[in-house]
Amino acid sequence: MVDVTVLRPRRVTRLAVVVIAVALVCWVVAADRMRGMDMGPGTGLGSLPFFLGIWVTMMAAMMLPSALPMVQLFDRIGRDRRGEGRAAPRTAVFVASYLAVWAAYGLVAFAVYRGIAAAHWRFIAWDRHGPLVAGAAVAGAGLYELTRLKRACLRHCRGPMHFILGGWRPGNGGAFLMGVEHGGYCVGCCFGLMLILFALGAMSLTWMAVVTIVIFAQKVLPRAAGLHVPLAVALVGLGIWIAVAPDTVPGLTVPMATMG
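Predicted model only: the values in this text are computed from it and were never measured. (Residues numbered from 1 in each chain as written. Predicted model: local features only at pLDDT ≥ 70, side-chain atom pairs only at ≥ 80, totals over all residues. Heavy atoms only, no water.)

Moving on, we come to the overall build of the chain. When helices and strands are tallied, the chain shows nine helices and zero strands. Starting at the N terminus, the α and β elements of the chain follow one another as α-α-α-α-α-α-α-α-α. Considering the chain as a whole, with its 260 residues, one finds that 47% of them fall into the buried category. The contacts in the chain between residues at least 6 apart in sequence include a share of 82% that link residues at least 24 apart. Accessible surface, the chain as shown: approximately 12400 Å² in total, 70% of it carbon and sulfur. (Helix = DSSP H or I, 4+ residues; strand = E, 2+ residues; numbered from the N terminus. Buried < 20%, exposed > 50% of the residue type's maximum accessible area, 1.4 Å probe, protein only. Contact = heavy atoms within 4.5 Å. Areas by Shrake-Rupley, 256 points an atom, 1.4 Å probe, with all protein chains shown as cover.)

As structure tokens, this is what we get:
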């Protein structure tokens, strides 16, 4: 039986340094690539290769810090199993497949964006009902915080021990499947918060930072799991604020009147 209650301090520190360093580098790259691109709600996503590259970089920057406890636990058990001479998955495979799930999420979001653009729905233009649409999206993200799906996925992300003990799979193939499964829970947990990012400007460093802080707090900070109700209220209030007086919302880039 693997003792999962104790982590090797030196290994944890080394792994944490690597993960945080990768996240910081991705923040720097994202900031450089996204500079001057925030046009507020309705910001264009560019070509698929461009968007996918910057999206994966953004997800690594935003998600790796909050995923670090899970990565550490996974790495510890894998090292113990290798020490016992059993086939053990590599941590890098787990992390790569976890990010691949977020890449798939980005592809779906890009397809939805292209579909909306092709439909030429003039009523969602900012000079028509754009503030209402953006505000409704943010308020909807707040209501999602109150759903059973959100709570179930958040419990998984905050307490991954049951996942490790009950769903361990051997080898690198097992690492890939476990990374995909954990990524799926993470998408379910953060779906509404990512909707905010797309609604208010997918290329906005400000909202990217805000969403990252909220995700980290919910997943990692002690007793933060109970914040879903006040967070939901705050997001609904923010949605109403955006719909009524978008020009007064701090950090929100208001699009030109002619932008869709």
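Moving on from the coordinates now.
Evaluation of the coordinates by the stated rule reveals nine aromatic pairs. Linked through ring pairs, F51, W55, W102, Y105, F110, Y113, Y144, F191 and F198 together constitute an aromatic cluster. (Phe/Tyr/Trp six-rings, centres within 6.5 Å; stacked < 30°, edge-to-face > 60°.)

Okay, the pattern of salt bridges next. Here the structure, examined in full by the defined rule, presents two salt bridges. For D32, the salt bridge goes to R35, with nearest N and O atoms at 3.3 Å. Owing to a relative accessible area of 45%, D32 belongs among the partly exposed residues under this scheme. A salt bridge links E145 to K150; its shortest N-O distance comes to 3.3 Å. In terms of burial, E145 and K150 fall into one category: buried. (Salt bridge = Lys/Arg side-chain N within 4 Å of Asp/Glu carboxyl O.)

So, on to helix α8 (residues 205-220). Taking 1.5 Å per residue as the helical rise, α8 with its 16 residues ought to reach 22 Å, and the 22 Å between its terminal C-alpha atoms agrees with that figure. Regarding α8, the residues found buried are W207, M208, V211, T212, I215, A217, Q218 and K219. At the N-terminal end of α8, a side-chain oxygen is found 3.4 Å from the backbone nitrogen of T206, two or three residues along, and the residue is S204. (Expected span 1.5 Å × (residues − 1). Polar contact = N/O pair within 3.5 Å; in protein donor to acceptor, adjacent residues only side chain to side chain.)

Attention shifts here to a nonpolar patch on the surface. Judged by side-chain polarity, V108, V112, I116, W121, F123 and V133 come together as a nonpolar surface patch covering roughly 540 Å² of accessible area. At three residues, the largest contribution of residues to the nonpolar patch is made by helix α3 (residues 91-119). Inspection of the secondary structure puts W121 in the loop between α3 and α4 (130-144). Judged by its relative accessible area of 46%, W121 is partly exposed. (Patch = residues over 30% accessible without salt bridge, like charges linked within 9 Å, V, L, I, M, F, W, Y side chains within 5 Å.)

Once that is clear, we can look at the nonpolar core. Ranked by size, the top nonpolar core spans 66 residues in total, and within it W55, M63, W102 and M194 carry the most contacts. For this core, the secondary-structure elements that each account for two or more residues are α1 (9-34), α2 (48-83), α3, α4, α5 (148-158), α7 (171-200), α8 and α9 (228-244). It is α2 that contributes the most residues to this core, 17 residues altogether. Once residues lying within four places of it in the same chain are set aside, the contact partners of M194 are W55, M59, M62, M63, W102, Y105 and I215. (Core = buried A, V, L, I, M, F, W, Y, C linked by side-chain atoms within 4.5 Å.)

What follows deals with the packing of α5 against α8. Between α5 and α8, whose axes approach to 8 Å, the crossing angle comes to 70 degrees. The angle between α5 and α8 places the two elements in the roughly perpendicular class. Contacts from K150, L154, C157 and R158 in α5 reach A217, Q218, K219 and V220 in α8. Tallied by class, residues from the contact of α5 with α8 come to four nonpolar, one polar and three charged. (Axes fitted to C-alpha atoms, helices over the stretch in contact; angles between N-to-C directions. Parallel < 35°, antiparallel > 145°, perpendicular 65-115°, else oblique. Nonpolar A, V, L, I, M, F, W, Y, C, P; charged D, E, K, R; others polar.)

Before going further, it helps to examine α4. Compared with the 21 Å implied by 1.5 Å per residue over 15 residues, the 21 Å span of α4 between its first and last C-alpha is a close match. G130, P131, A134, G135, A137, V138, A139, A141, G142 and Y144 are the residues of α4 that are buried. Its buried side turned inward, α4 meets α5, α7 and α9.

Per-residue confidence for the chain gives a mean pLDDT of 85, with 88% of residues at or over 70. For the stretch residues 1-10, pLDDT sits under 50, and the model shows 16 contacts to residues farther than four places along the chain or on other chains. (pLDDT = per-residue confidence, 0-100.)

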